[in-house]
Amino acid sequence: MAEPNSNTLKFISRGSVLAAGIFVCIYIFAKAAFSSFTHDESYSWLHYVHDSFFDIITYKRSFTNNHLLNTLGMKYSEMIFGNHEFALRLPNLLLFIVYLVYGFLLLRRSNKF
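Here is what the cut-offs are and how they apply
- Residues numbered from 1 in each chain as written.
- Predicted model: local features only at pLDDT ≥ 70, side-chain atom pairs only at ≥ 80, totals over all residues.
- Heavy atoms only, no water.
- Helix = DSSP H or I, 4+ residues; strand = E, 2+ residues; numbered from the N terminus.
- Expected span 1.5 Å × (residues − 1).
- Bend = angle between axes of the 7 residues up to and from the residue.
- Buried < 20%, exposed > 50% of the residue type's maximum accessible area, 1.4 Å probe, protein only.
- Contact = heavy atoms within 4.5 Å.
- Axes fitted to C-alpha atoms, helices over the stretch in contact; angles between N-to-C directions.
- Parallel < 35°, antiparallel > 145°, perpendicular 65-115°, else oblique.
- Left-handed = near helix turned anticlockwise from the far one by under 90°.
- Nonpolar A, V, L, I, M, F, W, Y, C, P; charged D, E, K, R; others polar.
- Patch = residues over 30% accessible without salt bridge, like charges linked within 9 Å, V, L, I, M, F, W, Y side chains within 5 Å.
- Areas by Shrake-Rupley, 256 points an atom, 1.4 Å probe, with all protein chains shown as cover.
- Salt bridge = Lys/Arg side-chain N within 4 Å of Asp/Glu carboxyl O.
- Lys, Arg positive; Asp, Glu negative; His and termini not counted.
- Charge placed at Lys NZ, Arg CZ, Asp CG, Glu CD.

### Let's talk about helix α5 (residues 85–107)
Between the first and last C-alpha of α5 there are 33 Å, a value that for 23 residues agrees with the 33 Å anticipated at 1.5 Å per step. If you look at α5, its biggest bend is around 40 degrees, right at Pro91. Along α5, the positions that sit buried rather than exposed are Ala87, Leu88, Arg89, Leu90 and Leu93. For α5, the secondary structure elements touched by its buried residues are α1 (6–34), α2 (39–47) and α4 (68–81).

What follows is the structure, given as structure tokens:
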């Protein structure tokens, strides 16, 4: 039996990573669509999302639950898509995809397999 060449192994490893990434994305999108809000998400939406942009970024009402990017993402996603759980989680989901892509691009140079 012939040994697989380098290109075949590269194709298989990248395909495996791509398949795993797609599976994880499908899972988190489904979970975001069908799960209820957690206490943290509810607290952010109730106490911070409706504040002004300036009040959010200056921590006018400071508390450990005011995560700037999450709060601002929820604020503007609600303005565009409404206040459904999936719409409020959409910025996090989209940035998770960006995280996966850049994580793959960073790690593909460090390990051949």
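### Some points on the packing of α4 against α5
Running from amino to carboxyl end, α4 crosses α5 at an angle of 130 degrees, the nearest separation of the two axes being 8 Å. Taken together, the axes of α4 and α5 are oblique relative to one another. Relative to α5, the crossing made by α4 is right-handed. Here Asn70, Gly73, Met74, Ser77, Glu78 and Phe81 of α4 lie close against α5, whose contacting residues are Ala87, Leu88, Leu90, Pro91 and Asn92. When its residues are assigned to classes, the contact of α4 with α5 shows six nonpolar, four polar and one charged.

### Looking at a positive patch on the surface
On the surface, Lys10, Arg14, Arg108 and Arg109 cluster together to form a positively charged patch. With respect to the helices and strands, the residue Arg108 is situated in the segment after α5.

### Remarks on a nonpolar patch on the surface
The grouping of Phe53, Phe54, Ile57, Tyr76, Met79, Ile80 and Phe81 at the surface amounts to a nonpolar patch, some 770 Å² of accessible area in total. For the nonpolar patch, the elements supplying multiple residues, two or more each, are α3 (53–57) and α4. Here the nonpolar patch takes four residues from α4, the largest share from any one element.

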